[in-house]
Structures are given as structure tokens and as C-alpha cells.
Amino acid sequence: MIFMKIQFAHNYDGIISIENLLKAWKEFINGKKSRRDVQEFQLNLMGNIFSLHNDLFAKTYKHSAYTPFNISDPKPRKIHKASVRDRLLHRAIYRMLYPLFDRIFISDSYSCRLKRGTHKSINRFRSFAYKVSKNHTRTAWILKCDIKKFFDNIDHKILLAILGRRYTNDQDILWLLARVINSFSSSQQGIGLPLGNLTSQLFVNIYMNEFDQFIKHKLKARYYIRYADDFVILFEDKKWLKKMLPKISEFLQSKLGLKLHADKVSIKTLASGIDFLGWVHFPDHRSVRTTTRKRMLRGVKRIGYKDESIQSYLGLLSHGNSRGLRQKIEEEVYINSG
């Protein structure tokens, strides 16, 4: 792994400063003011912030245990929630590190990044499809892959080694990042990051940037898009994609300790329909995945008329051919609001 060379200018004192912790608190409480644990922390806000700062300054800080709970999003997932104190620290770290790391990421990774997201990634897919197919006059082949148990298999030693190449001159920052990273393990000690941590979102992008750079600069894949653990490569030659697949698998396993999900690897033509990020993509249109369609309709019936939720559904559907589904959702809203 040879892709992370530039050193960063910020330092440990800046991350743990009272000023940064206060700014992090302002960002953290947005939308959370009614939650009991947040209210309890705020009752003695300055005392709690000074206590956190002092522990960080003296290097006596210890991360608390996580509270696990399950969600369906849409498939069942286990979220691990940290204490307010620890989440405040996560925010303080994130707000300093994110802007610096984000500038070294490739432009076509879209998960958990400002001014990106699902909509931009699927529009980018459409743009790439036009280019590879020469405006749909040639066959476009797509290699689609999914990484198996992504968050559960992030190796702490590998992640800290990647971070270490950025912070060779600041062992204090590495100490702090190790405290956060090593605060959680999945099925094996030293392996896994918790779903739900703000820092986890950044750490997995830092981790996968190694892979992104390999795909772009070693394999020379021009039309590559990654969203978290899903990625696609578009090309006009199926044989080239088949040749790249074992190289991709070997890099992931040997350099990052990750494996492709065997049941979710495919090489198909665009004309046959490519299921990517909730949409099935075709040369001249895209339609909502059947499971996404059913989930939306169940959601509308469950939540009733809630303007923000309904508008988010309709906003998503505006990005593809979904007139029939839009009408059904609007009918459900009419029934529920009557």
C-alpha cells in the first residue's frame, strides 16, 4: 500500500482543544436536543467538556462500552451506540480529520461524503454507461461486487498502519485514534468497526481509499464507482473484467483482510439490467428495485402522513422511471391523511 504520502498539518492539541470540543458539541446536538442522555450531559456541559479535555490532555481517556440495538435498514443490522461523551469526541475527531482526508479520496467514492451520496453515484453510473456504450451503440459490460461483512472485518492493525503513514510525526494523534478504533471488536479481537460511529464512516473510507487507488492507478479502471462496500467497474470488454476479478480479490484479501461476497459478484451487460444502489439500471432508464418498492409502500402505510418522510420517498423516486409507484404512494398519503 503506497498511496498515502502527504502529511497533515493539524495536531493533537488542536483536536482536543476546548474550542474544538465546543464546536463539535454544537454540531453534535443538532436534532438530538430532546434525547435524555444528551439533556443529562448538557446539564453540566462545561464541566463535562473540561473533564473530557483533561482526560485527553493527560492521556487517561478511556472509551466507554457500547449499547447495542437492532434496526432494519432494510436488512437487519446491529448498531452499537457510544455514550454522549464518546460521541462528542468522535465528532471532534471527525470535524478535524474529514476535510483533510476527503481531499485525497477519489472523486468516485460516494458513501458518507459531503456533496455526494446515492443520487450522485447513480447519475455517475448513467454517465459512465453512456461513455462505455458510446451512447448505447455498443455493449457495455459491468462487473458488480459486494464486500462480505464489510464493517465486521476491518482490521485495526491495518487501519492504524494506514493512519500511521499520515501521522508519522504525531504519535499523540495515533494514540487517540487507536483508543477509538480499539474500543470495539466484532467476532474477533482487533477486527471490526461499530456501525453507528461517525468516526467509523470516515475510517472505512480511509481504509478503502487504498483499494480505490489500486483500482484507479494499478488496474487503470477508468469507469469505477464505489459506495461503501458496493462497487462497479464498467468496460466494453467482458474478458478484461474477468481478468481483473482475481486481482481485485487478491488485493482485498492480502492487503485489507477483506473478501468479496461470492453470491454478489456478477459480470453482466447493461441491457440485462444492473441492480446497483436500490435501482435496476438499463440503457434508456432505471427503475426502483422490487424490494425497495415494497419497503416504501410498507413504510408509507406504517408512518401515515409525515411530510418529511413522504417527500424523501418522492424525491428518491424523481431520479428514475417510477410514475406508478409515485401514484401509489400519493394514494396512500391521501387515504391516511383523510
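To be clear, the structure that these remarks concern was listed above.
A brief look at the structure comes next. None of these values were measured; they are calculated from a predicted model.

1. Concerning helix α9 (residues 198-218)
Okay, so step 1: In a regular helix each residue adds 1.5 Å, so 21 residues correspond to 30 Å; α9 covers 30 Å between its end C-alpha atoms and thus fits that length.
Okay, so step 2: A bend of about 35° at M208 is the largest found in α9.
Okay, so step 3: Taken across its 21 residues, α9 has 17 buried, putting it largely inside the fold.
Okay, so step 4: Once α9 ends, the next one or two residues include K220, with phi positive near 60°.

2. Observations concerning the side chain of S121
Okay, so step 1: Note on placement: S121 falls in helix α6 (residues 118-132).
Okay, so step 2: By relative accessible area, which is 0% here, S121 ends up buried.
Okay, so step 3: Side-chain polar atoms of S121 contact the backbone oxygen of T118, separated by 2.6 Å.

3. As for the side chain of S185
Okay, so step 1: Position of S185 among the secondary structure elements: in the loop between α8 (171-181) and α9.
Okay, so step 2: Within polar-contact distance, the side chain of S185 engages the backbone nitrogen of G190 at 2.9 Å.
Okay, so step 3: With residues up to four places along the chain from it excluded, the contact list for S185 reads H156, G190, I191 and G192.

4. Thoughts on unusual backbone geometry
Okay, so step 1: Phi at K115 takes a positive value of approximately 60°, unusual for a residue other than glycine.
Okay, so step 2: Along the chain, the position of K115 falls in the loop between α5 (84-102) and α6.
Okay, so step 3: A positive phi angle, close to 60°, is found at L277, a residue other than glycine.

5. A look at the pattern of salt bridges
Okay, so step 1: On inspection of all chains with the given rule, the structure shows 11 salt bridges.
Okay, so step 2: Note that K23 is salt-bridged to E19, the shortest N-O span being 3.2 Å. With K23 and E19 both in helix α2 (residues 18-28), this residue pair falls 4 residues apart, about one helical turn.
Okay, so step 3: With a relative accessible area of 40%, K23 lands in the partly exposed category.
Okay, so step 4: In this structure, the salt-bridge partner of K59 is D172, at a minimum N-O distance of 2.7 Å.

6. Considerations on a positive patch on the surface
Okay, so step 1: Taken together, K131, K134, R138 and R222 make up a surface patch of like positive charges.
Okay, so step 2: Checked against the element boundaries, R222 lands in the loop between α9 and β4 (224-227).
Okay, so step 3: Of the residues examined, R222 reaches a relative accessible area of 62% and is grouped as exposed.

7. Quick look at the pairing of strand β3 (residues 141-146)
Okay, so step 1: Judged by how many residues are buried, β3 sits mostly within the fold: 6 of 6 residues are covered.
Okay, so step 2: Of the pairings in the sheet, the one linking β3 to strand β6 (residues 266-269) comprises 4 bridges and is antiparallel in character. From the neighbouring strand, K144 faces β6, where its bridge partner is S266.

8. Focus: the nonpolar core
Okay, so step 1: By size, the foremost hydrophobic cluster in this structure holds 73 residues, and its most contacted members are W25, L163, F211, I248 and L256.
Okay, so step 2: Ranked by residue count, the leading element in this core is α9, at 10 residues.
Okay, so step 3: In this structure, F211 is in contact with Y224, F231, I248, F251, L252 and L256, ignoring residues within four places of it in sequence.
Okay, so step 4: The next biggest cluster of nonpolar side chains, apart from the first, holds 18 residues, and it includes F125, I274, F276 and V288.

9. Considerations on the sheet that holds β6
Okay, so step 1: Ordered by their spatial adjacency, 4 strands build an open sheet running β4-β5-β3-β6, and the pairing between neighbours is antiparallel. Strands at the two margins of the open sheet, each flanked by one partner only, are β4 and β6. Sheet twist, expressed as the average angle between the axes of neighbouring strands with direction ignored, equals 20°.
Okay, so step 2: When β4 meets strand β5 (residues 230-235), the two strands line up antiparallel, connected through 4 bridges. Looking at β5, one finds that Y227 is bridged to D230.
Okay, so step 3: Taken strand by strand, α9 contacts β4 and β5, and its axis lies near 170° from that of β4.
Okay, so step 4: Along the sheet, helix α10 (residues 238-256) makes contact with β3, β5 and β6, crossing β3 at roughly 20°.

10. Topic: the packing of aromatic side chains
Okay, so step 1: A complete count under the given rule lists 15 aromatic pairs for this structure.
Okay, so step 2: For the cation-ring pair, K59 lies above W175, with the distance from its terminal atom to the ring centre recorded as 5.4 Å.

11. Notes on the environment of F125
Okay, so step 1: As for its position among the elements, F125 is in helix α6.
Okay, so step 2: Using a relative accessible area of 1% as the deciding quantity, one classes F125 as buried.
Okay, so step 3: Put simply, F125 and Y224 are 99 residues apart on the chain and 8.7 Å apart in space, counted from C-alpha to C-alpha.
Okay, so step 4: Apart from residues lying up to four places away in sequence, F125 is in contact with I142, I225, V232, L234, L270, I274, F276 and H281.

12. Points about the sheet that holds strand β7 (residues 274-276)
Okay, so step 1: Spatial ordering of the open sheet is given by β7-β8-β9, a layout of 3 strands whose pairing is antiparallel. Two strands bound the open sheet, and with one partner strand each, they are β7 and β9 (286-288). Strand-to-strand, the axes of this sheet are offset by a mean angle of 30°, without reference to chain direction.
Okay, so step 2: Bridging between strand β8 (residues 279-281) and β9 involves 3 bridges; their strand directions are antiparallel. For W279, the partnering residue across the bridge sits in β9 and is V288.

Reading guide: rules and limits
Residues numbered from 1 in each chain as written. Predicted model: local features only at pLDDT ≥ 70, side-chain atom pairs only at ≥ 80, totals over all residues. Heavy atoms only, no water. Helix = DSSP H or I, 4+ residues; strand = E, 2+ residues; numbered from the N terminus. Expected span 1.5 Å × (residues − 1). Bend = angle between axes of the 7 residues up to and from the residue. Buried < 20%, exposed > 50% of the residue type's maximum accessible area, 1.4 Å probe, protein only. Polar contact = N/O pair within 3.5 Å; in protein donor to acceptor, adjacent residues only side chain to side chain. Contact = heavy atoms within 4.5 Å. Salt bridge = Lys/Arg side-chain N within 4 Å of Asp/Glu carboxyl O. Patch = residues over 30% accessible without salt bridge, like charges linked within 9 Å, V, L, I, M, F, W, Y side chains within 5 Å. Areas by Shrake-Rupley, 256 points an atom, 1.4 Å probe, with all protein chains shown as cover. Lys, Arg positive; Asp, Glu negative; His and termini not counted. Charge placed at Lys NZ, Arg CZ, Asp CG, Glu CD. Pairing = 2+ DSSP bridges. Core = buried A, V, L, I, M, F, W, Y, C linked by side-chain atoms within 4.5 Å. Axes fitted to C-alpha atoms, helices over the stretch in contact; angles between N-to-C directions. Phe/Tyr/Trp six-rings, centres within 6.5 Å; stacked < 30°, edge-to-face > 60°. Lys NZ or Arg CZ within 6 Å of the ring centre and 35° of its normal.

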